[in-house]
Amino acid sequence: QVQLVESGGGLVQPGGSLRLSCAASGSIFSINVMGWYRQAPGKQRELVADITSVGMTNYADSVKGRFTIFRDNTKLTVSLQMNSLKPEDTAVYYCNADVRSRGTMRSRDYWGQGTQVTVSS
């Protein structure tokens, strides 16, 4: 089994910053893409940013220039630095990883439990 555990959400004022972190553990052979998604009330889950194992990144247009994703392949972690936060960034943020498991050597997506980010004055 593979687990993704997120941390770092909370309440922040507009213009503020937060850093989300996600740690993967379990029966992991390798991790390809790691990323962050978010889901606001009444909306579909959307990609915020993702990063490949060699560091290629991809961002939603709405967060370009404000958010930065980075990962540590040794520690199996992915983080999202969020700056200049806006009320419309309010959502539950989910960590995602494309993991190849030991033993089966099969790849599948795993999700964290989600962490709430609220941007409000």
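Refer to the structure presented above.
The following refers to the structure shown.

Here is what the cut-offs are and how they apply
- Residues numbered from 1 in each chain as written.
- Predicted model: local features only at pLDDT ≥ 70, side-chain atom pairs only at ≥ 80, totals over all residues.
- Heavy atoms only, no water.
- Helix = DSSP H or I, 4+ residues; strand = E, 2+ residues; numbered from the N terminus.
- Polar contact = N/O pair within 3.5 Å; in protein donor to acceptor, adjacent residues only side chain to side chain.
- Contact = heavy atoms within 4.5 Å.
- Pairing = 2+ DSSP bridges.
- Axes fitted to C-alpha atoms, helices over the stretch in contact; angles between N-to-C directions.
- Buried < 20%, exposed > 50% of the residue type's maximum accessible area, 1.4 Å probe, protein only.
- Disulfide = S-S within 2.5 Å.

## Remarks on the side chain of Arg-66
Relative to the helices and strands, Arg-66 resides in the loop between strand 6 (57-59) and strand 7 (67-72). Within the structure, the side chain of Arg-66 is placed 2.8 Å from the backbone oxygen of Ser-62, a separation counted as a polar contact. In this structure Arg-66 touches Gln-81, Met-82, Asn-83, Ser-84, Leu-85, Lys-86 and Asp-89, once residues within four positions along its chain are discounted.

## Regarding the sheet that holds strand 3 (residues 18-26)
The strands making up a sheet are joined through hydrogen bonds of the backbone, oriented either antiparallel or parallel. The antiparallel open sheet is built from four strands, whose spatial order is 1-3-8-7. This sheet does not close on itself; its edge strands, each paired only once, are strand 1 (2-7) and strand 7. Strand after strand, the sheet turns through a mean of 15° between neighbouring axes, direction not considered. Two elements, strand 3 and strand 8 (residues 77-82), share six bridges in a ladder whose sense is antiparallel.

## A closer look at the pairing of strand 11 (residues 115-119)
Side chains of strand 11 alternate between two faces, with Thr-115, Val-117 and Val-119 buried and Gln-116 and Thr-118 left unburied. The pairing of strand 2 (residues 10-12) with strand 11 spans three bridges and is parallel. The residue of strand 11 that forms the bridge with Leu-11 is Thr-118.

## Quick look at the environment of Asp-50
With respect to the helices and strands, Asp-50 occurs in strand 5 (residues 46-51). Along the sequence, Asp-50 and Gly-112 sit 62 residues apart, while their C-alpha atoms lie 14 Å from each other.

## Structural notes on the pairing of strand 9 (residues 91-101)
Of all 11 residues making up strand 9, eight are buried, and the element is well covered by its neighbours. Here nine bridges tie strand 4 (residues 28-39) to strand 9, and the two strands are oriented antiparallel to one another. Within the sheet, the bridge partner assigned to Met-34 lies in strand 9 and is Ala-97. Where strand 9 meets strand 11, three bridges bridge the pair, whose relative direction is antiparallel.

## Here we look at the state of the cysteines
Tallying each qualifying case throughout the model produces one disulfide. Cys-22 shares a disulfide with Cys-95; S-S distance 2.1 Å. One quick way to see it: the torsion about the S-S bond of Cys-22 and Cys-95 is about -80°, and its sign makes the bridge left-handed. With Cys-22 in strand 3 and Cys-95 in strand 9, this residue pair connects regions lying 73 residues apart in the sequence. Both residues of the pair, Cys-22 and Cys-95, belong to the buried class.

In short, the description is geometric, and any link to function would need to be established separately.
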